[in-house]
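Each chain is listed here by its residues.
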Amino acid sequence: MSINRGKLILIEGLDRSGKSTQCDCLTAKLGANTVLVKFPDRTTPIGHQINAYLTSASDAKNDSLESMHLLFSANRWELASTIKAHLTAGRDVVLDRYVYSGIAYSYVASRASSTRQPLSLDWLQVPDLGLLKPDVFFFLNVSEEEQVRRAGFGEELYEKREFQRSVADIFHKILPKGDETFHLIDADKSLDEISSVIYETVAAAPQPGDFQYYIK
Ligand code: DGP
Ligand code: NA
Ligand code: NA
């Protein structure tokens with residue numbers, strides 16, 4: 001007798017969309033049999049390199065964008081078997097960011113510099129092909145006004161207004177809007193309203209069947 005596998009739940013969003021708070025809330029509401037995985041996971045050796053990239057002030061970083069993109073993907077791959085094992089054991093897994101952040105931020109970063117070639121969506125998607133697809137996917141859609149109002153942007157590499165505007169544009173281009181697993185959430189609403197909608201949606205989602213993977 002096999003137990004039902006857990007649900008793979010993804011919450012994506014812009015910086016200051018309330019994403020990490022919502023991930024914490026959902027993980028708590030789903031109870032003890034739930035695992036939260038945050039990407040990038042800065043605790044691994046690859047994660048240390050990613051953290052150094054995100055927090056350093058060097059102007060030369062656009063030159064290493066291809067290798068950084070592959071490291072962000074490798075960071076997802078190094079946790080892939082752990083995530084699958086949790087799901088197989090019947091645990092729900094909540095992901096804070098995943099492949100859509102991977103594509104959107106690298107896409108915009110490659111266009112923020114006039115001295116390098118822009119990266120294509122085709123190239124950006126390839127490293128993540130084969131990763132598990134979420135069973136339920138939320139995008140926290142925060143308005144620019146609200147995003148700026150909330151505590152302002154932080155100190156990190158991508159937390160600039162123009163950059164965020166471009167990231168929002170590319171997210172909207174790549175999100176799987178017609179997919180029944182996908183839910184666009186108005187993140188200008190209150191924390192409580194959003195967390196209720198997310199929890200109710202997860203609770204109402206069907207028991208997932210076979211694992212699904214990103215394919216070309
Ligand atoms: P967070 O810890 O959620 O604030 O994310 C850190 C920053 O890294 C945030 O600005 C989004 C960006 N980011 C997350 N995943 C990726 C990725 O796979 N590739 C790139 N280039 N940036 C990413
Ligand atoms: Na951030
Ligand atoms: Na965050």
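All figures in this text were calculated on a predicted structure; none of them were measured in a lab.

**Remarks on the overall build of the protein**
Move 1: Looking only at helices and strands, the protein features nine helices and five strands.
Move 2: When its helices and strands are written in sequence order, the protein yields β-α-β-α-α-α-β-α-α-β-α-α-β-α.
Move 3: In summary, the protein has a C-alpha radius of gyration of 17 Å against a globular reference of 17 Å for 216 residues, a match within 12%.
Move 4: C-alpha extents for the protein along the principal axes are approximately 60 × 35 × 30 Å.
Move 5: The buried share of the protein, taken over its 216 residues, is 48%.

**Description of the site of ligand 1**
Move 1: Around ligand 1, the structure places 15 residues, and the nearest of them are Lys38, Arg76, Arg97, Gly102 and Ser106.
Move 2: Here lysine 19 contributes a side-chain N or O atom positioned 3.4 Å from an oxygen atom of ligand 1.
Move 3: One of the side-chain N or O atoms of arginine 42 is found 3.2 Å from an oxygen atom in ligand 1.
Move 4: Here ligand 1 has 500 Å² of accessible area as a free molecule, and 94% of this is covered by the chains.
Move 5: The cavity that encloses ligand 1 is the largest pocket.
Move 6: Breaking the shell around ligand 1 down by element, the ones donating at least two residues are helix 3 (65–78) and helix 5 (99–111).
Move 7: For the shell around ligand 1, the leading source of residues is helix 5, giving four residues.
Move 8: A breakdown of the residues in the shell around ligand 1 according to their chemical character gives five nonpolar, three polar and seven charged.

**Details of a negative patch on the surface**
Move 1: Residues Glu145, Asp186, Asp188, Asp192 and Glu193 make up a contiguous surface patch of negative charge.
Move 2: Along the chain, aspartate 192 falls in helix 9 (residues 191–204).
Move 3: A relative accessible area of 57% means that aspartate 192 is categorised as exposed.

**Describing the nonpolar core**
Move 1: Counting 60 residues, the largest nonpolar core has Ile83, Leu95, Tyr98, Tyr100 and Phe171 as its most contacted members.
Move 2: The element best represented in this core is helix 5, accounting for eight residues.
Move 3: When neighbours within four sequence positions are excluded, phenylalanine 171 is seen to be in contact with Glu12, Gly13, Leu14, Tyr100, Ser101, Ala104, Tyr105 and Phe139.

Rules and cut-offs
Residues numbered from 1 in each chain as written. Chains lettered and ligands numbered in written order. Predicted model: local features only at pLDDT ≥ 70, side-chain atom pairs only at ≥ 80, totals over all residues. Heavy atoms only, no water. Helix = DSSP H or I, 4+ residues; strand = E, 2+ residues; numbered from the N terminus. Rg over C-alpha atoms; globule rule 2.2 N^0.38 Å. Buried < 20%, exposed > 50% of the residue type's maximum accessible area, 1.4 Å probe, protein only. Near = heavy atom within 4 Å. Polar contact = N/O pair within 3.5 Å; in protein donor to acceptor, adjacent residues only side chain to side chain. Areas by Shrake-Rupley, 256 points an atom, 1.4 Å probe, with all protein chains shown as cover. 1 Å grid on protein atoms, 1.4 Å probe; cavity = no way out; pocket = protein on both sides within 12 Å on 5 of 7 lines; lining within 4 Å. Sits in = over half its atoms within 2 Å of the grid points. Nonpolar A, V, L, I, M, F, W, Y, C, P; charged D, E, K, R; others polar. Patch = residues over 30% accessible without salt bridge, like charges linked within 9 Å, V, L, I, M, F, W, Y side chains within 5 Å. Salt bridge = Lys/Arg side-chain N within 4 Å of Asp/Glu carboxyl O. Lys, Arg positive; Asp, Glu negative; His and termini not counted. Charge placed at Lys NZ, Arg CZ, Asp CG, Glu CD. Core = buried A, V, L, I, M, F, W, Y, C linked by side-chain atoms within 4.5 Å. Contact = heavy atoms within 4.5 Å.

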